[in-house]
Amino acid sequence: MATVFRKTAKGSAEIETRAHRLLPRLRSALILVDGKRTDDDLSKLILQDPALPLQTLFEGGFIDAVATVAATPAPAPRAAPAPAAAAAPNFEQTRRDAVRGLTDLIGPLGEALALRMEKTRNMGELQALLVVAVQVIGNTRGRQAAADYGTRFGADAG
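What counts, and at which threshold
Residues numbered from 1 in each chain as written. Predicted model: local features only at pLDDT ≥ 70, side-chain atom pairs only at ≥ 80, totals over all residues. Heavy atoms only, no water. 1 Å grid on protein atoms, 1.4 Å probe; cavity = no way out; pocket = protein on both sides within 12 Å on 5 of 7 lines; lining within 4 Å. Points joined across faces, edges and corners; volume = space filled by probe spheres on them. Helix = DSSP H or I, 4+ residues; strand = E, 2+ residues; numbered from the N terminus. Phe/Tyr/Trp six-rings, centres within 6.5 Å; stacked < 30°, edge-to-face > 60°. Buried < 20%, exposed > 50% of the residue type's maximum accessible area, 1.4 Å probe, protein only. Axes fitted to C-alpha atoms, helices over the stretch in contact; angles between N-to-C directions. Parallel < 35°, antiparallel > 145°, perpendicular 65-115°, else oblique. Left-handed = near helix turned anticlockwise from the far one by under 90°. Contact = heavy atoms within 4.5 Å. Nonpolar A, V, L, I, M, F, W, Y, C, P; charged D, E, K, R; others polar.

Caption draft 1: Highlighting the layout of surface pockets. Taken as a whole, the second largest pocket spans an internal volume of roughly 270 Å³. If you list the elements that add at least two residues to the lining of the second largest pocket, you get β2 (63-69) and α7 (123-141).

Caption draft 2: Spatial organisation of unusual backbone geometry. Unlike most non-glycine residues, Arg18 shows phi in positive territory, near 60 degrees. Relative to the helices and strands, Arg18 resides in the loop between α1 (9-17) and α2 (24-32).

Caption draft 3: Spatial organisation of the packing of aromatic side chains. A full pass over the atoms with the stated rule returns two aromatic pairs. Ring centres of Phe5 and Phe58 lie 6.3 Å apart, and the angle between their planes is 65 degrees; this geometry places the pair in the edge-to-face category. Of this pair, Phe5 sits in strand β1 (residues 2-7) while Phe58 is found in helix α4 (residues 51-59), placing the two residues 53 residues apart along the sequence. Taken as a pair, Phe5 and Phe58 share a single burial class, namely buried. Considering the side-chain rings of Tyr149 and Phe153, the 4.9 Å spacing of their centres and the 55 degrees angle between planes classify their relative orientation as tilted. With Tyr149 and Phe153 both in helix α8 (residues 143-153) and four residues apart, this pair spans about one turn of that helix. No difference in accessibility class separates Tyr149 from Phe153, as the two residues are buried.

Caption draft 4: Seen up close, the packing of α4 against α7. Close contact between α4 and α7 brings their axes to 10 Å; oriented N to C, the two are set at 125 degrees. Relative to α7, the element α4 lies oblique. For α4 against α7, the interelement crossing comes out left-handed. Contact with α4, carried on its side by Ala51, Leu52, Gln55, Phe58 and Glu59, involves Leu129, Val132, Val136 and Asn139 of α7 and no other residues of that element. Along the lines of polarity and charge, the residues of the contact of α4 with α7 split into six nonpolar, two polar and one charged.

The analysis is restricted to geometry; functional conclusions fall outside its scope.
Spelled out as structure tokens, the structure:
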């Protein structure tokens, strides 16, 4: 799944005023964020280690994840639905576990993302941030840790 990012008010203000004096590489990445391009699209435009500038801008509050887009046009057919007794955990429990898992894996580096995850109001908002969490974990702890986290919470960085 790919994540769509948009500039926050802070990000837009930075483009206009340069008040936060972002590094040129971060500013260039911020300019590319338009609310339509996915992280995959941005990766093609940001030449060197594209995940790091996006992660930095996200954690700094300059951009926000607004949606996740399926990488394939149609999902694969599913098996028979699970019985009601084996229903998926509720949203609050999933959110709590995802935040705890993130902080256990990367500690204080994930504080800004964990706070955003705690503010989500529904599974759609949480899923967008879970994709970002998988990318951050991949950058800090490696692909296997990111894959394990993504599998646990149904998020994939693509």
